[in-house]
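Okay, here's what each chain looks like letter by letter:
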Amino acid sequence: MRDNKTGSWGVHEPFYVMLNEYRIADLVITAHARSRYEGRGQSDGQPGKDAAYWLWQCLKQKRVRAYSPAEPEMYVVDNDLVMAARIVEIPDESDLYGNPLYKLIVVSFLGKMSENIDLRDLKTYYARQQNSRRVTLMQSGRKRR
């Protein structure tokens, strides 16, 4: 997802985007995240192939921010869409000044806070998810007996 197009010769535009203290030079969206993006992220019918382009534009426009300091791998897009992502250093790559470059790997899109109020407090959200899985497992265990 690098776009280092320049208008004239000899002009170097940065090919990274700053996210917190990281210089993001590449973006990877997993297959799981792509399917979640199609199902929960964008309800306007935007296909999953455009997810990487859309997220790269959001990064360039500084519309992505950290969810909270307590949750370092959670990010919010447009103050609504919550995503889980991991930042990994790209080996043997640096900018012109020798600073390391990073890759943003989007693991999953959890959903929109405007549609799911539980996403405003992630501890409650995860507790509810675990409880619903536990109840489902207990019910399927009862059916087998």
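Predicted model only: the values in this text are computed from it and were never measured.

A. Local environment of the environment of V82. Along the chain, V82 turns up in strand β5 (residues 81–94). Judged by its relative accessible area of 0%, V82 falls in the buried class. Sequence separation between V82 and R65 is 17 residues, and the spatial gap between their C-alpha atoms is 9.9 Å.

B. Molecular detail of the pairing of β5. Here 4 bridges tie strand β4 (residues 71–77) to β5, and the two strands are oriented antiparallel to one another. Looking at β5, one finds that Y75 is bridged to M83. Between the end of β4 and the start of β5, which pair antiparallel, lie 3 residues, with D78 showing a positive phi angle near 55°. Bridge count between β5 and strand β6 (residues 100–112): 10 bridges; the pairing is antiparallel. Its bridge partner being in β6, E89 is matched across the sheet by Y102. Adjacent in sequence and paired antiparallel, β5 and β6 are bridged by 5 residues, among which G98 carries a positive phi angle near 90°.

C. Main features of the sheet that holds β4. Strands sit in the order β1-β2-β6-β5-β4-β3 across an open sheet of 6 strands; the sheet is mixed. A strand with exactly one partner marks an edge of an open sheet, and here the two such strands are β1 (17–19) and β3 (64–68). Between one strand axis and the next, the sheet turns through 55° on average, direction left out of account. Each of β1, β2 (22–29), β3, β4, β5 and β6 is contacted by helix α2 (residues 50–60), which is oriented at about 165° to β2, the strand it contacts most.

D. Expanded view of the pattern of salt bridges. Applying the stated criterion across every chain yields a total of 3 salt bridges. Its salt-bridge partner being D95, residue R23 comes within 3.5 Å of it at the nearest N-O pair. Of this pair, R23 sits in strand β2 while D95 sits in the loop between β5 and β6, and the two are 72 residues apart along the sequence. Note that R86 and E73 form a salt bridge whose closest N and O atoms lie 3.9 Å from each other. Pair noted here: R86 is in strand β5 and E73 is in strand β4, with a separation of 13 residues, a long-range link. Given a relative accessible area of 43%, R86 falls into the partly exposed group. E73 gets classed as partly exposed once you look at its relative accessible area, which sits at 41%.

Thresholds, definitions, all that
- Residues numbered from 1 in each chain as written.
- Predicted model: local features only at pLDDT ≥ 70, side-chain atom pairs only at ≥ 80, totals over all residues.
- Heavy atoms only, no water.
- Helix = DSSP H or I, 4+ residues; strand = E, 2+ residues; numbered from the N terminus.
- Buried < 20%, exposed > 50% of the residue type's maximum accessible area, 1.4 Å probe, protein only.
- Pairing = 2+ DSSP bridges.
- Axes fitted to C-alpha atoms, helices over the stretch in contact; angles between N-to-C directions.
- Contact = heavy atoms within 4.5 Å.
- Salt bridge = Lys/Arg side-chain N within 4 Å of Asp/Glu carboxyl O.

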